[in-house]
Amino acid sequence: MTPIALTIAGSDSGGGAGIQADLKTFSALGVYGASIITALTAQNTKGVTAIHTNQPGRHELITLLHSFAQIFVAGIGINDNDRHSQ
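Predicted model only: the values in this text are computed from it and were never measured.

**Considerations on the overall build of the protein**
When helices and strands are counted, the protein shows two helices and four strands. Along the chain direction, N to C, the helices and strands of the protein fall in the order β-α-β-β-α-β. Taking all 86 residues of the protein together, 26% fall into the buried category. Long-range pairs, those at least 24 residues apart, make up 61% of the contacts in the protein with a sequence separation of at least 6. Carbon together with sulfur atoms contributes 59% to the accessible area of the protein, which is approximately 5700 Å² in total.

**Observations regarding the side chain of Asp12**
Within the secondary structure layout, Asp12 lies in strand β1 (residues 4-12). Of the side chains bearing the opposite charge, Lys24 lies closest to the buried Asp12, which forms no salt bridge; the N-O distance is 7.6 Å. Excluding anything up to four places from it in sequence, Asp12 contacts Ala17, Gly18, Gln20, Thr41 and Gln43.

**Some points on the nonpolar core**
In this structure, Ile4, Leu6, Ile8, Ala34, Ile36 and Leu65 together form the largest nonpolar core, which totals six residues. Contributions of two or more residues to this core are made by β1 and β2 (32-44). With three residues, β1 is the largest single contributor of residues to this core.

**What to know about the pairing of β1**
For β1, the buried fraction is high: nine of the nine residues fall into the buried class. Strand direction decides the pairing type here: β1 and β2, joined by nine bridges, are parallel. The residue of β2 that forms the bridge with Asp12 is Thr41. Traced from β1 through helix α1 (residues 18-28) to β2, the parallel crossover comes out right-handed.

**Side note on the confidence of the model for the protein**
When pLDDT is averaged across the protein, the result is 78; 76% of the residues are at 70 or more. The secondary structure element of the protein with the lowest average pLDDT is strand β4 (residues 71-76), at 68, and the one with the highest is α1, at 92. This stretch, residues 82-86, has a pLDDT under 50; its non-local contacts, to residues over four places away or in other chains, come to five contacts.

**Examining the side chain of Ser11**
You can see Ser11 is positioned in strand β1. Its relative accessible area of 14% is what places Ser11 among the buried residues. Side chain to side chain, Ser11 and Gln20 meet in a polar contact 2.8 Å long. Excluding residues within four positions of it along the chain, Ser11 makes contact with Ile19, Gln20, Ile37, Ala39, Leu40 and Thr41.

What counts and what doesn't
- Residues numbered from 1 in each chain as written.
- Predicted model: local features only at pLDDT ≥ 70, side-chain atom pairs only at ≥ 80, totals over all residues.
- Heavy atoms only, no water.
- Helix = DSSP H or I, 4+ residues; strand = E, 2+ residues; numbered from the N terminus.
- Buried < 20%, exposed > 50% of the residue type's maximum accessible area, 1.4 Å probe, protein only.
- Contact = heavy atoms within 4.5 Å.
- Areas by Shrake-Rupley, 256 points an atom, 1.4 Å probe, with all protein chains shown as cover.
- Lys, Arg positive; Asp, Glu negative; His and termini not counted.
- Salt bridge = Lys/Arg side-chain N within 4 Å of Asp/Glu carboxyl O.
- Core = buried A, V, L, I, M, F, W, Y, C linked by side-chain atoms within 4.5 Å.
- Pairing = 2+ DSSP bridges.
- Right-handed = clockwise from strand over helix to strand, strands pointing away.
- pLDDT = per-residue confidence, 0-100.
- Polar contact = N/O pair within 3.5 Å; in protein donor to acceptor, adjacent residues only side chain to side chain.

So this is what it looks like as structure tokens:
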């Protein structure tokens, strides 16, 4: 069985960080990647111009993932408010 890694992070429109970078790393390591997006960013190599958070449903998504998959490891990136990560 292929191990499952969960990333809880923001989406980087430039593709060099966040969910995109995590999923590339998981693939390179032979691990199946699952994700929960916490924010959408508008950014490029020169900087971040906007961050739009995605509040609803984080707890429900984590619960749903645990109901059908055994998560081997999880990483947490950008999180707008600690109370939403509990």
